Amino acid sequence: MASQKPSLPYTIPGLSTEAGAEIIGILQMRLHSLNDLHLTLKHIHWNVVGPHFIAVHEMIDPQVDQVRAMTDDLAERISTLGGEPKGTPGSLVADRAWNDYSIGRAEAIEHLGALDLVYTSLIEDHRAAMTATEELDPVTQDMLIEQLRGLELFQWFVRAHLESSGGRLSTAGASSEKAAASAAADQAKKQP
């Protein structure tokens, strides 16, 4: 679901107010997505259990910190473009097109399986935003590219726990967080 385009009295030099409004709409949805990711990562951090608890618990916090920095960059870009970043929980819930993270207290591998799907969806949407801003505003696109670099790295950290020695992801083909969590747990049970 796209955020409604604002009406702008001004934007940055060299950009029309219409283009500025379009970019702001794109960035607002990325801001909502990353705010949601920040909360989801903390939820995982607090609810992970099992023998790999400490590894996952400690892997998550640096991701939280970097995602929070990404949200700040997005919000400041929206403001620079003449918009008003919306960072309240109510606006996030009203605008989002996805459901809350569906895994509660669970084994580390289950959370990692579900988190793989979260990252996949988020990265796909960030890539779409990157493409949409290519012609409109290369400065915004550059910021999104840098964020993608970090998000893809975080997903690699997650996937390293889900990948077999043959290169197969336990979450391959999973269409829901619960299915991905279950598939990851099943693969882990088969390993020594």
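Report follows, based on the coordinates. (Residues numbered from 1 in each chain as written. Predicted model: local features only at pLDDT ≥ 70, side-chain atom pairs only at ≥ 80, totals over all residues. Heavy atoms only, no water.)

**A closer look at the overall build of the chain**
- Per the secondary structure count, the chain includes six helices and two strands.
- Secondary structure elements in the chain, listed N-terminal to C-terminal, are α-β-α-α-β-α-α-α.
- Scaling as 2.2 N^0.38, a compact globule of 192 residues should have a C-alpha radius of gyration of about 16 Å, and the chain matches this with 18 Å.
- If one aligns the C-alpha atoms of the chain with their principal axes, the spans along those axes are about 60 × 35 × 25 Å.
- Across the 192 residues in the chain, those meeting the buried criterion constitute 48%.
- Here the analysis covers contacts within the chain between residues at least 6 apart in sequence; of these, 75% occur between residues at least 24 apart.
- Surface accessibility of the chain: about 9,900 Å² in total, with carbon and sulfur atoms responsible for 53%.
- A gap of 6 Å separates the mean positions of the 15 positive and 26 negative side-chain charges of the chain. (Helix = DSSP H or I, 4+ residues; strand = E, 2+ residues; numbered from the N terminus. Rg over C-alpha atoms; globule rule 2.2 N^0.38 Å. Buried < 20%, exposed > 50% of the residue type's maximum accessible area, 1.4 Å probe, protein only. Contact = heavy atoms within 4.5 Å. Areas by Shrake-Rupley, 256 points an atom, 1.4 Å probe, with all protein chains shown as cover. Lys, Arg positive; Asp, Glu negative; His and termini not counted. Charge placed at Lys NZ, Arg CZ, Asp CG, Glu CD.)

**Here we look at the pattern of salt bridges**
- One pass over the structure, following the stated rule, counts seven salt bridges.
- Put simply, Lys42 and Asp61 hold a salt bridge, and the shortest N to O gap is 2.9 Å. Remark: Asp61 occurs in helix α2 (residues 53-80) and Lys42 occurs in helix α1 (residues 17-47); sequence separation between them is 19 residues.
- One salt bridge connects Arg127 with Glu152, and the closest N-O pair in it is separated by 2.8 Å. Taken together, the positions of Arg127 in helix α4 (residues 108-133) and Glu152 in helix α5 (residues 138-159) put the pair 25 residues apart, joining distant regions of the chain.
- When salt bridges with common partners are traced through the structure, they connect Asp36, Arg96 and Asp100 into a single cluster. (Salt bridge = Lys/Arg side-chain N within 4 Å of Asp/Glu carboxyl O.)

**With respect to the packing of aromatic side chains**
- For the coordinates displayed, the defined rule picks out two aromatic pairs.
- Aromatic pair Trp156 and Phe157: ring centres 5.6 Å apart, planes at 45°, arrangement tilted. (Phe/Tyr/Trp six-rings, centres within 6.5 Å; stacked < 30°, edge-to-face > 60°.)

**Some details on the packing of α4 against helix α6 (residues 177-190)**
- It is the contact of α4 with α6, at a shortest axis distance of 7 Å, that shows an interaxial angle of 135°. For the element pair α4 / α6, the angle class is oblique. Considering the relative orientation of α4 and α6, their crossing is right-handed. In this structure, α4 contributes Ile109, Glu110, Gly113, Ala114, Leu117 and Val118 to the contact, and α6 contributes Glu177, Ala180, Ala181, Ala184, Ala185 and Ala188. (Axes fitted to C-alpha atoms, helices over the stretch in contact; angles between N-to-C directions. Parallel < 35°, antiparallel > 145°, perpendicular 65-115°, else oblique. Left-handed = near helix turned anticlockwise from the far one by under 90°.)

**Some remarks on the layout of surface pockets**
- Reported here for the second largest pocket is a volume of approximately 290 Å³.
- In terms of lining residues, the second largest pocket is bounded by 15 residues, among which His52, Ala108, Ile109, Ala188 and Gln191 are the most central.
- For the lining of the second largest pocket, the secondary structure elements donating two or more residues are α2, α4 and α6.
- Ranked by residue count, the leading element in the lining of the second largest pocket is α4, at four residues.
- Of the residues in the lining of the second largest pocket, the class split is nine nonpolar, three polar and three charged. (1 Å grid on protein atoms, 1.4 Å probe; cavity = no way out; pocket = protein on both sides within 12 Å on 5 of 7 lines; lining within 4 Å. Points joined across faces, edges and corners; volume = space filled by probe spheres on them. Nonpolar A, V, L, I, M, F, W, Y, C, P; charged D, E, K, R; others polar.)

**Describing the nonpolar core**
- The biggest cluster of nonpolar side chains holds 50 residues, and the ones touching the most others in it are Leu27, Leu34, Leu37, Leu41, Leu115, Tyr119 and Leu151.
- Elements that contribute at least two residues to this core include exactly α1, α2, α4, α5 and α6.
- Discounting residues that sit within four places of it in the chain, Leu115 has contacts with Leu37, Leu41, Ile44, Ile60, Tyr101 and Val158. (Core = buried A, V, L, I, M, F, W, Y, C linked by side-chain atoms within 4.5 Å.)

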